[in-house]
Amino acid sequence: GAAQAGATAAASTSMGPGPEGGAPLMLRCPISGAHPMSDPVLLPDGCTYERSAAEAYLAGGARVSPKTGQPFPTGRGNGGGSGNMVENKVVRMMCVEWREIAAAAPAPGGAGNGASRR
């Protein structure tokens, strides 16, 4: 649908390599550095994290955003607990697309070997 087309368009325009040729920063978990994330979730701060890293962070009783350091918003059920995680399907699709692009890219130094793709 339209959401998938929008995510694909966003992924294709923002999929340049991040530091050291890895995944773009937007696909990396701010807590663990996992790249690209495999199970991205939104926390009440509106930022996306790898689920396992977010669960571990929140299990320690954290009440502030690991990315911004600001308190999590309160009200509407936002207490910062793991029950307030929401799967980020758009970022997940972008991570899947990035993995596919990275897998299809020739290995460094592998260009010019005379082989052609068909």
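As a starting point, this report considers the structure included with it. (Residues numbered from 1 in each chain as written. Predicted model: local features only at pLDDT ≥ 70, side-chain atom pairs only at ≥ 80, totals over all residues. Heavy atoms only, no water.)

## Description of the sheet that holds strand S2 (residues 48–50)
Taken in spatial order, the three strands line up as S2-S1-S3 in an open sheet, and their pairing is antiparallel. The two strands at the open ends of the sheet, each matched to only one other strand, are S2 and strand S3 (86–87). In terms of strand pairing, strand S1 (residues 40–42) meets S2 through three bridges, oriented antiparallel. The partner of Leu42 across the bridge, within S2, is Thr48. Contacting S1, S2 and S3, helix H2 (residues 51–59) runs over the sheet at an angle of about 95° to S2. (Pairing = 2+ DSSP bridges. Helix = DSSP H or I, 4+ residues; strand = E, 2+ residues; numbered from the N terminus. Contact = heavy atoms within 4.5 Å. Axes fitted to C-alpha atoms, helices over the stretch in contact; angles between N-to-C directions.)

## Describing the environment of Met93
Following the sequence through the fold, Met93 ends up in helix H3 (residues 89–104). C-alpha of Met93 to C-alpha of Pro40: the two residues are 53 residues apart in sequence and 9.9 Å apart in space.

## Some points on unusual backbone geometry
Following His35, the chain continues into Pro36 via a peptide bond in cis, with omega recorded as -20°. Position of Pro36 among the secondary structure elements: in the loop between helix H1 (2–13) and S1.

## Considering the pattern of salt bridges
Tallying each qualifying case throughout the model produces three salt bridges. A salt bridge links Asp39 to Arg92, with the shortest nitrogen-to-oxygen separation between them at 2.6 Å. One end of the pair, Asp39, is in the loop between H1 and S1; the other, Arg92, is in helix H3, with 53 residues separating them in the sequence. A relative accessible area of 25% places Arg92 in the partly exposed class. Glu87 serves as the salt-bridge partner of Arg92, at 3.0 Å between the closest nitrogen and oxygen. (Salt bridge = Lys/Arg side-chain N within 4 Å of Asp/Glu carboxyl O. Buried < 20%, exposed > 50% of the residue type's maximum accessible area, 1.4 Å probe, protein only.)

## Here's the deal with H3
The α-helix advances 3.6 residues per turn, and as a result positions three or four apart in sequence lie on the same side. Look at H3: 23 Å from first C-alpha to last across 16 residues, which is about the 22 Å you get at 1.5 Å a residue. Among all positions of H3, only Val91, Met94, Cys95, Glu97 and Trp98 are buried. Projected onto a plane normal to the axis of H3, the buried residues spread over an arc of 165° and lie on a single side. In H3, the exposed residues that point more than 90 degrees away from the buried face are Lys89, Glu100 and Ala103. (Expected span 1.5 Å × (residues − 1). Arc of directions from axis to C-beta.)

## Concerning H2
Within the sequence span of H2, burial applies to Ala53, Ala54 and Leu58. For H2, the arc enclosing every buried residue in end-on projection is 125°, short of the 170-degree limit, so these residues lie on one face. For H2, exposure combined with an orientation more than 90 degrees from the buried face picks out Ala56 and Ala59. Of the residues one or two after H2, Gly61 is the one with positive phi, at around 85°.

By themselves, these are just geometric observations and shouldn't be taken as functional.
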